[in-house]
Amino acid sequence: MNDQPIRNRIKGHRRVRAGDLVPHEWNFRTHPHLQRVALQALYEQIGFARSLLAYELPDGRLKLLDGHLRRDLTPDLEVDVEVLDVTEEEARALLLSLDPLAALAEQQEQLHDRLRELTPTETPELQALWQSAAEAAVAEEKADRGLAGIAEQWLVLITCRDEQHQVDLLRRFKEEGLPCKALLS
């Protein structure tokens, strides 16, 4: 990293009607049904809890970088918007970077599972969202370890007294129709 200080590009915050925000024409993210109903359920359970991100156009309107679904879901809601001082080129770079950068975060499975245990919800949409996120994390972990497409297996390791004991057990298990193989350590 270079020695130059990091520039703070946050210009301020404004409260505006969500529907008055200009959607960015290069926003490539779509919002599936599960995401829409989960956000609506979160609004109902907790309320509006995260500002949208935009930058100012020459005519004073605000153009969205993050928050398109929130804009579309509740266009009449007055929302808080974090306003950036960026150029159109920088805005496109942020569109390409913000969500993918967040997606690179790794999940601590045990901590995530414990958090879900401590945070019960009766809302089926949130249950589905949390379950979907957990399943996606497991699938991603498998893919990262090169295990995608490999069926789950449950194995039993038996320590044998000697080679003859191993041969006897292998013979017995095969006669019982159990798939098995010998391993040496």
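These remarks concern the structure in this document. (Residues numbered from 1 in each chain as written. Predicted model: local features only at pLDDT ≥ 70, side-chain atom pairs only at ≥ 80, totals over all residues. Heavy atoms only, no water.)

## So, the side chain of His165
Using the following cut-off: Strands are runs of DSSP state E lasting at least 2 residues, helices are runs of H or I lasting at least 4, and numbering of each runs from the N terminus. Here a polar contact is taken to be a pair of N or O atoms separated by no more than 3.5 Å, where protein atoms must pair a possible hydrogen donor with a possible acceptor and residues adjacent in sequence count only if both atoms sit in side chains. Between two residues, a contact is recorded if the distance between any of their heavy atoms is within 4.5 Å.
Residue placement: His165 occurs in helix H6 (residues 163-175). One polar contact links the side chain of His165 to the main-chain amide nitrogen of Arg161, over a distance of 3.1 Å. Sequence-distant contacts of His165, defined by excluding residues within four places in its chain, comprise Thr159 and Cys160.

## Remarks on the sheet that holds strand S4 (residues 78-84)
Under the convention used in this document: The rule for pairing is simple: two strands pair if DSSP sees at least two bridges between them. Lines fitted to C-alpha atoms define the axes here, with helix axes fitted over just the stretch in contact, and angles between the N-to-C directions of these axes take values from 0 to 180 degrees.
Read from one edge to the other, the open sheet built from four strands follows the order S1-S4-S2-S3, with strand pairing classed as mixed. Single-partner strands in this sheet number two, and they are strand S1 (10-17) and strand S3 (62-66). Shown here is a sheet whose adjacent strand axes are inclined to one another by a mean of 40°, direction ignored. Two elements, strand S2 (residues 52-56) and S3, share four bridges in a ladder whose sense is antiparallel.

## Here's the deal with the nonpolar core
Looking at soluble globular proteins, one finds that nonpolar side chains tend to be buried together. Applied cut-off: In these notes, a set of buried Ala, Val, Leu, Ile, Met, Phe, Trp, Tyr and Cys residues joined through side-chain atoms within 4.5 Å is what counts as a nonpolar core. Partly exposed describes any residue whose relative accessible area lies between the buried limit of under 20% and the exposed limit of over 50%, with all areas from a 1.4 Å probe on protein chains only and scaled to the type maximum.
Grouped together as the largest cluster of nonpolar side chains are 10 residues: Val16, Ala18, Leu21, Leu52, Ala54, Leu62, Leu64, Val79, Val81 and Val83. Secondary structure elements with two or more residues in this core: S2, S3 and S4. Of the residues forming this core, the biggest block, three residues, is contributed by S4. In this structure Val16 touches Leu21, Leu62, Leu77, Glu78, Val79 and Val81, once residues within four positions along its chain are discounted. By size, the runner-up hydrophobic cluster in this structure holds nine residues, among which are Val22, Leu53, Tyr55 and Val86.

## Re the pattern of salt bridges
Selection criterion: Whenever a carboxyl oxygen of Asp or Glu lies within 4 Å of a side-chain nitrogen of Lys or Arg, that contact is scored as a salt bridge.
Scanning all chains against the criterion turns up 18 salt bridges. Its salt-bridge partner being Glu88, residue Lys63 comes within 3.9 Å of it at the nearest N-O pair. Taken as a pair, Lys63 in strand S3 and Glu88 in helix H3 (residues 88-103) lie far apart in primary sequence, 25 residues in all. Its relative accessible area of 8% is what places Lys63 among the buried residues. Put simply, Arg171 and Asp168 hold a salt bridge, and the shortest N to O gap is 3.8 Å.

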